[in-house]
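# Chain and residue survey
Listed below, chain by chain, are the residues.
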Amino acid sequence: MTQTILKINSSGRTQDSLTRNGVNQVVDWFKRQDFQTQVIERDLNHSLPFIDEVWIDANFTSSENRTSNQQHALNKSNELINELFQSDLIVIGLPIYNFSIPATLKAWIDQVSRAKVTFQYTEKGPEGLIKNKQAILVYASGGTPLGSEIDFATPYLKYILGFIGIDDVTIIDTNQENKNNWSLDQQLSAIKQKEKKYA
Ligand SMILES: Cc1cc2nc3c(=O)[nH]c(=O)nc-3n(C[C@H](O)[C@H](O)[C@H](O)COP(=O)(O)O)c2cc1C
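Right, let's walk through the structure included here. Only a predicted model underlies this, so the values are computations on that prediction, with no experimental measurement involved.

Reading guide: rules and limits
Residues numbered from 1 in each chain as written. Predicted model: local features only at pLDDT ≥ 70, side-chain atom pairs only at ≥ 80, totals over all residues. Helix = DSSP H or I, 4+ residues; strand = E, 2+ residues; numbered from the N terminus. Expected span 1.5 Å × (residues − 1). Buried ≥ 20, exposed ≤ 12 C-beta atoms within 10 Å, placed from the backbone. Near = placed C-beta within 6 Å. Nonpolar A, V, L, I, M, F, W, Y, C, P; charged D, E, K, R; others polar. Pairing = 2+ DSSP bridges. Axes fitted to C-alpha atoms, helices over the stretch in contact; angles between N-to-C directions. Contact = placed C-beta atoms within 7 Å. Core = buried A, V, L, I, M, F, W, Y, C linked by C-beta atoms within 7 Å. Right-handed = clockwise from strand over helix to strand, strands pointing away. Parallel < 35°, antiparallel > 145°, perpendicular 65-115°, else oblique. Arc of directions from axis to C-beta.

### So, helix 1 (residues 18–33)
The end-to-end C-alpha separation of helix 1 is 23 Å, in line with the 22 Å expected for 16 residues at 1.5 Å each. Residues of helix 1 that are buried: Leu18, Thr19, Arg20, Gly22, Val23, Val26, Val27 and Phe30.

### Focus: the site of the ligand
Neighbouring the ligand are 16 residues; Thr19, Pro95, Ser141, Gly142 and Thr144 lie closest to it. In terms of residue count, helix 1 provides more of the shell around the ligand than any other element does, three residues in total. Taken together, the residues of the shell around the ligand break down into six nonpolar, eight polar and two charged.

### Focus: the sheet that holds strand 2 (residues 38–43)
Read across the open sheet, the five strands follow the order 2-1-3-6-7; overall the sheet is parallel. Because the sheet does not close on itself, it has two edges, and the strands there are strand 2 and strand 7 (168–173). Within this sheet the neighbouring strands show an average axis-to-axis angle of 20 degrees, counted without direction. Two elements, strand 6 (residues 134–140) and strand 7, share six bridges in a ladder whose sense is parallel. Paired with Leu137 across the strands is Ile171, a residue of strand 7. Here helix 6 (residues 153–163) sits on the sheet and contacts strand 3 (89–95), strand 6 and strand 7; the angle it forms with strand 6, its principal contact strand, is near 165 degrees. The strands touched by helix 8 (residues 185–198) within the sheet are strand 6 and strand 7, with strand 6 carrying the most contacts at an inclination of about 155 degrees.

### A word on the environment of Val138
With respect to the helices, strands and loops of the structure, Val138 is situated in strand 6. Residues Val138 and Thr19 lie 119 residues apart in sequence; the distance between their C-alpha atoms is 5.8 Å. Not counting the four nearest positions on each side in its chain, Val138 is found in contact with Thr19, Gly22, Val23, Val26, Val91, Ile92, Gly93, Leu94, Ile172 and Thr174.

### Observations regarding the nonpolar core
Ile90, Val91 and Val138 are the most contacted members of the largest nonpolar core, which totals 37 residues. Secondary-structure elements contributing two or more residues to this core are strand 1 (4–9), helix 1, helix 4 (75–86), strand 3, helix 5 (103–112), strand 6 and helix 6. Among the elements that line this core, the one with the most residues is strand 6, at six residues.

### A few points about the pairing of strand 2
The sheet contact formed by strand 1 and strand 2 spans six bridges and is parallel. When the sheet's bridge partners are listed, Asn9 is paired in strand 2 with Asp43. One crossover worth recording links strand 1 to the parallel strand 2 by way of helix 1, and it is right-handed.

### Things to note about the environment of Ala107
With respect to the helices and strands, the residue Ala107 is situated in helix 5. With 55 residues separating them in the primary sequence, Ala107 and Asp52 have C-alpha atoms 11 Å apart. Contacts of Ala107, omitting those with residues within four sequence positions, involve Leu48 and Phe50.

### Quick look at the packing of helix 4 against helix 5
At a closest axis distance of 8 Å, the pairing of helix 4 and helix 5 adopts a crossing angle of 90 degrees. Here helix 4 lies roughly perpendicular to helix 5, going by the angle between them. Contacts between helix 4 and helix 5 pair Lys76, Ser77, Leu80, Ile81 and Leu84 from the former with Trp108, Gln111 and Val112 from the latter. Residue composition of the contact of helix 4 with helix 5, grouped by class: five nonpolar, two polar and one charged.

### Some details on helix 4
With 12 residues, helix 4 extends 16 Å between its outermost C-alpha atoms, agreeing within 8% with the 16 Å of an ideal straight helix rising 1.5 Å per residue. Here helix 4 has its buried residues at Ser77, Leu80, Ile81 and Leu84. Along the long axis of helix 4, the arc covered by the buried residues comes to 100 degrees, so they all point the same way. Away from the buried face of helix 4 by more than 90 degrees, exposed residues Asn75, Glu79, Asn82 and Gln86 are located.

Structure follows, in structure tokens:
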């Protein structure tokens, strides 16, 4: 079975970026396991629009009643959501910016979090609709330790990914991995093993 990886980068740096380097290493590892692996590239440096009034109105209008202007406003969102549905594994570069996630990554979240498309409310509460996926967050900071009380980024990102259905999230800490010479094999093998469960 061909695996599709959605590769998302959000570092503003294209040179010497720990997260871009880490994301590449993770994706290359999976490509080495299976030469048929397909990769969808989404570089958030090519900025996404912020959601605005037209977008919000469009989102709350049923699809059959949307004006062409409203349909147009949701085009990018639909494209990004399709990328998620097409993928088996989502690898996200997560640099810490000002104790949080980069604004470009938040813009992506705002585009892909859509009621009745990627989540819905049921009698039992919210249900994420992007099912049977795994995500890997490749974390880098200048000093904020992963999982510390000032790490506001990873709890949020894990929560919102879970909210849209992606509740199997592994975090790779490049700050630690660099000290350990990238002993990634074990972590990535465990993720690879779980693919069968989600197939
Ligand atoms: C605009 C900006 C804000 C940053 N804010 C923080 C921060 O609040 N806490 C921290 O530990 N590191 C912070 N850093 C350092 C980055 O997290 C660190 O350089 C990381 O390696 C960036 O990822 P990259 O190497 O993939 O670009 C900041 C860096 C930039 C460019």
